[in-house]
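Architecture at a glance
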Amino acid sequence: MGYVAAKGGREAILNAEELVDYFRLKGESLPLSVKAIKEQFRLACDKVMSEGALYAPELAALALKQAEGDTIEASFLLRAYRSTLPRISYSEPVDTEEMSVVRRISSAFKDIPGGQILGPTRDYIQRLLRFDLLEEKEKKMTTYIEEGKLEQKVPKVINLLREEGLLPQPAVSHIRNKTPETFALDTECQRLSNGVKSEEEPYDITRYALVFPLPRSGVLQAMARGEEGGMMAIAYSSMRGYGDTHPTLAELRVGHVFLKIKHPITGKTVKVGEVLVTEAEVIAGKPTQAGEEVPQFTLGYSLVFGHNERKAICMAMLDITMKAQETKHPAEDQEFVICHIDSIESGGFTAHWKLPHYVTFQSDLDRLRKIQKEKGFKLEADTLRKK
Amino acid sequence: MTEMVKGYNFAFIDEYAKREIRRKVLKAVSIPGYQVPFGSRELPIARGWGTGGLQITLSLIGQKDILKIIDQGSDDSVNAVNIKRFIEATTGVFITSDTLKATIIQTRHRIPEEELGDDQILVLQVPYPEPLRIVEPEEKETRRMHAEMDYAKIWVFLYENIVKWKEITIGARYPVMVAGRYIMDPSPIPRYDVPRLNNARTLYLFGAGREKRIYAVPPFTEVKPLEFEDHRFRIENFKGKACELCASTDTFLDEIILDDKRMYTCSDTSFCKKRGNNPRVLKYIDRNQQ
């Protein structure tokens, strides 16, 4: 079947499309229900929502089904769907202290107000293949469900450190309705004051192209939808030796938060939904000092859709590494990190090398043949073939 | 014709996004060769597969437009077909392979052989919008270089190429100076196509989806390839070769490897067909006839 040249491209594509479904179904098992994927491949759905940048569990499950479990492809499907939805409103900031916690731990203190809550974690389970799952019974399932939910509100560890002056207070800037121009000003102010500031309105990376240095809200957005593996590789490089990050996990929490917006008519804050998120707050072990101020720790922050602890920890770590005063290693270079963690972009571009490139290659061939000739080499195709 | 898909806006992306992209296009036209950042949307076509060009096309297209899409000069290449299917399914517009009948032509890696008129727009898909990327990896630095017209590094790069190889090594994507101000990446068109950007009658729009940049060469704008007085810009050499299908000797040729020989055919498949039917068809608009 023609890859390019002659007619027939359309037919080949249509056949390929049919074959994809055939390969998905040829094993003759019953088609997977979207509900089963949503519930039992919960972590895969969370990853897809996070990287697809759309909180839609049902659609994430559908995307996984359609992509035969390829999470990057599924995230791409979700991200493309996202482009068809107009932006209606920005949500109100979420106070994660009000989170209904499913799991929360701190590695900074032995005990913390509210307690360490392990929740559903595989951290201390031996990774032995469970052959009993080869044939799982419905009866066991119903017993688990009866045990009910583990949700509660607990205070946050970093607030204790803030009260003690060990961590800087969050500051707020006053420029509203940010555009790249006002953001540039704002970033400049932040740089001069050497402080970490939050902004009232986020720099919306889905509406503005990235500019560098990117405001912090833009950095956090880009990482929130970054690909776990890519982020982990860069964060790990900093943990391992290309950098000097030895962080302490002040708190990691997983739970539900309410999504609130300002009602367009009444102006009152209203709840419009609930999302599951993972939040990590990481503290860099080394003190930093801004000018003559009190030396303090640096905080790295992350919040990601769904239950994804690896990604949340890596994101919080990269938030710290990118605050480095000098850029010595890849993880400290904001432009390097932010430009290379989006799997929709990197995956698409990687795949594009499969497209025909014969015109550009002809240009390259022409150059190389000329250079060989200029340099006195006469490697005609015929003489090569004889050898 | 492909069946229209249900549940989506005309031309897929929402109207606010289209308006933003059209405004960025206007800015690009006002500052020839300058890369305008835009809020690039994700599409159902993968990043790196023409999403920048596609967003421009989707933002400009109306129900009465006639669209042509080519990849490497071919109307039937799989990616061209795929993009055509997508636009057909979300707009229902007419698709043509005749260069002269199209109102919008979206292309990857080629400018069609036939001269385009002032009522046509050529949309080029761009993988790397930044011509200085070969000498400078950082975006914040290349933006400064453009702002200050600090183009020394790329000139040195070209010079060193000549010293080392006796030739410039850039094959396609040959950097050009636009309106004497910005150095621009013309997208991976062959060098053969570069002179055709200069003082053309047509509006050329360039879209880089992944890198989120739009830029333009408006009609009648000076576009010069970077060259030295003693080392001139040179296009690909097809001396002594002709298309085996239509016998043209004045077109960009694809080299095809067959079992026992090399064969050459026109990369522009639509023009090749026209020439095949009538060897006297001209590539350029005959002004005397008008």
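Residues numbered from 1 in each chain as written. Chains lettered and ligands numbered in written order. Predicted model: local features only at pLDDT ≥ 70, side-chain atom pairs only at ≥ 80, totals over all residues. Heavy atoms only, no water.

With that settled, consider the overall build of chain A. Of the regular secondary structure elements, chain A holds 15 helices and 6 strands. Looking at chain A as a whole, 40% of its 387 residues are labelled buried. Contacts in chain A between residues far apart in sequence, at least 24 positions, make up 64% of those at least 6 positions apart. Here chain A has roughly 22,900 Å² of accessible surface; of this, 58% comes from carbon and sulfur atoms. (Helix = DSSP H or I, 4+ residues; strand = E, 2+ residues; numbered from the N terminus. Buried < 20%, exposed > 50% of the residue type's maximum accessible area, 1.4 Å probe, protein only. Contact = heavy atoms within 4.5 Å. Areas by Shrake-Rupley, 256 points an atom, 1.4 Å probe, with all protein chains shown as cover.)

Moving on, we get to the interface of chain B and chain A. Contact with chain B, which involves 68 residues of that partner, is made by 54 residues of chain A. Between chain B and chain A lies a buried interface of about 5,100 Å² when both sides are counted; carbon and sulfur atoms form 54% of it. Three residues, B:E42, B:V78 and B:R85, lead the burial of chain B against chain A; their summed loss comes to 13% of the area buried on that side. Put simply, chain B and chain A have 11 salt bridges between them. (Buried area = accessible area lost by both parts, 1.4 Å probe. Salt bridge = Lys/Arg side-chain N within 4 Å of Asp/Glu carboxyl O.)

What follows concerns the pairing of strand β4 (residues 247–262) of chain A. All names here are of chain A. One ladder, built from 5 bridges, connects strand β1 (residues 100–105) with β4; its direction is antiparallel. In the sheet register, I105 faces β4, and the bridge partner there is L252. Examined bridge by bridge, β4 and strand β5 (residues 269–288) share 15 bridges and lie antiparallel to one another. Across the sheet, residue L259 finds its bridge partner in β5, namely G273. The turn joining β4 and β5, which pair antiparallel and follow one another in sequence, is formed by 6 residues; a positive phi near 80 degrees is taken by G267. (Pairing = 2+ DSSP bridges.)

A side chain of one charge can pair with a side chain of the opposite charge if their charged atoms are brought near each other. Across all of its chains, the model carries 62 salt bridges over all chains by this definition. A salt bridge links A:D21 to A:R24; its shortest N-O distance comes to 3.1 Å. Taken together, the residues A:D21 and A:R24, both in helix α1 (residues 9–25) and 3 residues apart, mark about one turn of the helix. Its relative accessible area of 29% is what places A:R24 among the partly exposed residues. Several salt bridges converge on common partners, so that one network encompasses A:D366, A:R367, A:K370, A:E374, B:E167, B:R191, B:R234 and B:E236.

Residue and element names in this part refer to chain B. Examined at the domain level, chain B breaks down into domain 1 (15–131 + 172–225) and domain 2 (237–280). Taken together, the contacts link 15 residues of domain 1 with 9 residues of domain 2. Taking both sides of the interface into account, the surface hidden between domain 1 and domain 2 amounts to around 980 Å²; carbon and sulfur atoms contribute 44%. Ranking the residues of domain 1 by area buried against domain 2 places E113, E114 and Y192 at the top, with a combined share of 44%. (Domains from an automatic or database assignment.)

So, about the sheet that holds strand β5 (residues 121–125) of chain B. All names here are of chain B. Read across the open sheet, the 7 strands follow the order β1-β9-β8-β5-β4-β2-β3; overall the sheet is mixed. Both edges of this open sheet fall to β1 (36–37) and β3 (94–95), since each of them pairs with a single strand only. Two elements, β1 and strand β9 (residues 213–217), share 2 bridges in a ladder whose sense is antiparallel. Directly across from P37, in β9, lies its bridge partner R213. Across the sheet, helix α1 (residues 15–30) lies against β1, β8 (203–208) and β9, angled at about 45 degrees from β9, the strand it touches most. Packed on one face of the sheet, helix α3 (residues 78–91) meets β2 (66–71), β3, β4 (104–108) and β5 and runs near 155 degrees to β2. (Axes fitted to C-alpha atoms, helices over the stretch in contact; angles between N-to-C directions.)

Before going further, it helps to spend a moment on the side chain of B:K283. Residue and element names in this part refer to chain B. Within the secondary structure, K283 is located in the segment after α6 (269–277). Polar contacts involving the side chain of K283 include one to the main-chain carbonyl oxygen of D250, which spans 2.6 Å. With residues near it in sequence (within four places) discarded, K283 still touches E113, E114, E115, Y192, D250, T251, F271 and R275. (Polar contact = N/O pair within 3.5 Å; in protein donor to acceptor, adjacent residues only side chain to side chain.)

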